[in-house]
Amino acid sequence: MDLSIVVPTYNEAPNIAELVTRVASATSGIRAEIVFVDDSTDTTADEIRRVATDAPIPVRLIHRDIPTGGLGGAVMVGFDAATSDVCVVMDGDLQHPPEDIPRLWLRYGVGDVDVVVASRYSGEGTNDGLAGASRVAVSKSATLLTKAMFPGRLKGVTDPMTGFFLIDRRRLDLRTLKPRGFKILLEILARTNLRVAEVPFDFADRNAGESKASFRQGVHFLAQLTMLRFGKMSMFAVIGGLGAVANIAIVWLLARWGVHDIPAMIVAAEITIIANFLLQERFVFQDMKAEASGVWERFAKSFGFNNAEAIVRIPLTALLVSSWHISVVIATAITLALAFVARFLFHALVVYAPSRSRRTGAKTRTREVLEELDEQVMAPGEL
């Protein structure tokens, strides 16, 4: 078997027959199988069994009465049961077009990567299947936050949240993976050092059934992200916390010396901005400095952003003092807490981002490879 296609399903009975038909057609010339890992409470398992009896490619079913690990756990079960070491993961609702499987297969065949990600945000990819502007905004915001939390491992990955990808399971130690939710690719990339390539795809409309997206899944995602990123972001938070304590202490000390509130906050902010940068260089972003811009450029970006943030934060603090009639110390603590997320995102995505020359070279090579693959896909007889 050349390729095992792992499809986790939850109440997708109306989509099974068309999915199998389209996967079989798309993989003509590739020895492929479909492995359904089903956690459904409807008739999906029965439909899979029915379709499997006369399917043009092997179709296997693993039904789980206890869906341990959610969708991520289902994918792990599929990896373990797959006949081939090369596995494609895709959803069962046809928002991941089976016709793009050969593109993933061809890119993997180049031989220089372990994972091929089908991306909605790379090249000509689209996210048209997301229902409404709010879901588009949520998706892009989640992607931005995720990349900020894992700037090294996700460097060059535009869509770490996708559920459509090809992977060589021999590069994984399944024992180290601890799937907690539905973003299994993120779990894999965050925990394993892999070579990654992307191909663009059009995220389609759901074929049938209801979307599984919900507020509860959003909470699960945030919990998953927090657990994965406990290292770098926690150290950033510790340094930020120390800086906040120092900031408050300086404000308190200057206030006792009779310094006016605004000058006291300015002096405290400048001292802690410089101290935080030095500590972040040493303890948080040390592994990213080699590929980032020079130290003085990093300092200028950090100093400029933090001062711009302070220009907004200090008047807001003064407003809280005058409007809410609280002490300047409490008001300073509130606004510093609000500034934490913005600071982390900016430093991870901008201050310590790879330098422009490296980004340009990587994009050029990726574009050339994708253009070559597009020409191959146009000739299906060569698959």
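My aim in this report is to walk through the structure given alongside it, one point at a time. (Residues numbered from 1 in each chain as written. Predicted model: local features only at pLDDT ≥ 70, side-chain atom pairs only at ≥ 80, totals over all residues. Heavy atoms only, no water.)

On to the sheet that holds strand β7 (residues 196-200), then. Strand order in the open sheet made by the 7 strands is β3-β2-β1-β4-β6-β5-β7, with mixed pairing throughout. Across the chains shown, the open sheet's two edge strands, defined by having one partner strand only, are β3 (59-63) and β7. Here the average twist between neighbouring strands, direction ignored, is 20 degrees. Pairing of strand β1 (residues 3-9) with strand β4 (residues 86-89), which is carried by 3 bridges, proceeds in the parallel orientation. Within β4, the residue paired with S4 across the bridge is C87. With respect to the sheet, helix α1 (residues 16-26) is in contact with β1, β2 (32-38) and β3, its orientation differing from that of β2 by roughly 155 degrees. (Pairing = 2+ DSSP bridges. Helix = DSSP H or I, 4+ residues; strand = E, 2+ residues; numbered from the N terminus. Axes fitted to C-alpha atoms, helices over the stretch in contact; angles between N-to-C directions. Contact = heavy atoms within 4.5 Å.)

On inspection of all chains with the given rule, the structure shows 1 cavity of 30 Å³ or more. One number sums up the size of the largest cavity: a volume of about 70 Å³. What lines the largest cavity is F236, T272, I273, N276, F277, Q280, S302, N306, R343 and H347. Here the lining of the largest cavity gets 5 residues from one element, more than from any other, and that element is helix α9 (residues 261-283). (1 Å grid on protein atoms, 1.4 Å probe; cavity = no way out; pocket = protein on both sides within 12 Å on 5 of 7 lines; lining within 4 Å. Points joined across faces, edges and corners; volume = space filled by probe spheres on them.)

Take the packing of α9 against helix α11 (residues 328-351) next. Remark: α9 packs on α11, axes separated minimally by 13 Å, with the N-to-C direction vectors making an angle of 35 degrees. Considering how the two elements wind past one another, α9 and α11 form a crossing that is right-handed. Contacts between α9 and α11 involve D261, M265, N276 and Q280 from the first element and V328, T332, R343 and H347 from the second. Tallied by class, residues from the contact of α9 with α11 come to 2 nonpolar, 4 polar and 2 charged. (Left-handed = near helix turned anticlockwise from the far one by under 90°. Nonpolar A, V, L, I, M, F, W, Y, C, P; charged D, E, K, R; others polar.)

Another aspect to go through is the pairing of β1. On a regular strand, each side chain points to the face opposite its neighbour's, so the side chains alternate between the two faces of the sheet. Counting buried residues in β1 gives 7 out of 7 residues, a clear majority hidden from the surface. Of the two faces of β1, the one carrying L3, I5, V7 and T9 and the one carrying S4, V6 and P8 are both buried. As paired elements, β1 and β2 share 7 bridges and run parallel to each other. Following the sheet pairing, P8 is matched in β2 by V37. (Buried < 20%, exposed > 50% of the residue type's maximum accessible area, 1.4 Å probe, protein only.)

Grouped together as the largest cluster of nonpolar side chains are 36 residues, with contacts concentrated most on F79, F165, I167, I188 and F285. Of all the elements in the fold, those that place two or more residues in this core are α3 (70-81), β4, β5 (115-119), α5 (132-149), β6 (165-168), α6 (184-191), α8 (232-256) and α11. The residues contacting F165, other than those within four sequence positions of it, are F79, C87, V88, V89, L104, V116, V117, A118, I184, L185 and I188. (Core = buried A, V, L, I, M, F, W, Y, C linked by side-chain atoms within 4.5 Å.)

Turning our attention to α11. Taking 1.5 Å of rise per residue, the 24 residues of α11 would be expected to cover 34 Å, yet its terminal C-alpha atoms sit only 30 Å apart, more than 12% below that figure. The sharpest bend along α11 comes to roughly 35 degrees, located at A339. (Expected span 1.5 Å × (residues − 1). Bend = angle between axes of the 7 residues up to and from the residue.)

Another aspect to go through is α3. Counted at 1.5 Å a residue, the expected span for α3 with its 12 residues is 16 Å, and the 17 Å between its end C-alpha atoms agrees. As for α3, its buried residues are in contact with β1, β2, β4, β6 and α6.

Moving on, we come to the environment of A342. Within the secondary structure, A342 is located in helix α11. Between the C-alpha atoms of A342 and E309, which are 33 residues apart in sequence, the distance is 8.7 Å.

A few words now on the environment of K289. With respect to the secondary-structure elements, K289 resides in the loop between α9 and α10 (295-324). A distance of 3.5 Å separates a polar side-chain atom of K289 from the backbone oxygen of E281. (Polar contact = N/O pair within 3.5 Å; in protein donor to acceptor, adjacent residues only side chain to side chain.)

We now examine the pairing of β6. With burial as the criterion, each face of β6 is covered, one bearing F165 and I167 and the other bearing L166 and D168. Pairing geometry for β4 and β6, over 4 bridges, is antiparallel. Directly across from C87, in β6, lies its bridge partner I167. Here β5 pairs with β6 via 3 bridges, running antiparallel.

Moving on, we come to the pattern of salt bridges. Under the counting rule described, the total for this entry stands at 17 salt bridges. With a shortest N-O distance of 2.8 Å, D2 and R31 are connected by a salt bridge. Placement of D2 in the segment before β1 and of R31 in the loop between α1 and β2 is noted, with a sequence separation of 29 residues between them. Here R49 makes a salt bridge to D46, at a shortest N to O gap of 2.9 Å. You can see R49 and its partner D46 sitting in helix α2 (residues 44-52), 3 residues apart, about one turn around the helix. A relative accessible area of 46% places R49 in the partly exposed class. It is possible to trace a salt-bridge network through shared partners that takes in D85, D168, R169 and R170. (Salt bridge = Lys/Arg side-chain N within 4 Å of Asp/Glu carboxyl O.)

Right, let's get into the packing of aromatic side chains. Two numbers describe a pair of aromatic rings. These are the distance of the centres and the angle of the planes. Throughout the structure, instances matching the rule amount to 6 aromatic pairs. Between W296 and F299, the ring centres sit 6.2 Å apart and the planes meet at 85 degrees, which makes this aromatic pair edge-to-face. Of this pair, W296 and F299 both sit in helix α10, 3 residues apart, which is roughly one turn of the helix. Seen in terms of ring centroids, F299 and F303 are 5.3 Å apart; in terms of plane orientation they differ by 25 degrees. Their pairing is stacked. Placement of the pair is F299 and F303 together in helix α10, with a separation of 4 residues, close to one helical turn. For F299, a relative accessible area of 22% puts it in the partly exposed group. The structure contains a cluster of three or more aromatic residues connected by ring pairs, namely F277, W296, F299 and F303. The ring of F203 carries the charged tip of R120 above its face, separated from the ring centre by 5.4 Å. (Phe/Tyr/Trp six-rings, centres within 6.5 Å; stacked < 30°, edge-to-face > 60°. Lys NZ or Arg CZ within 6 Å of the ring centre and 35° of its normal.)

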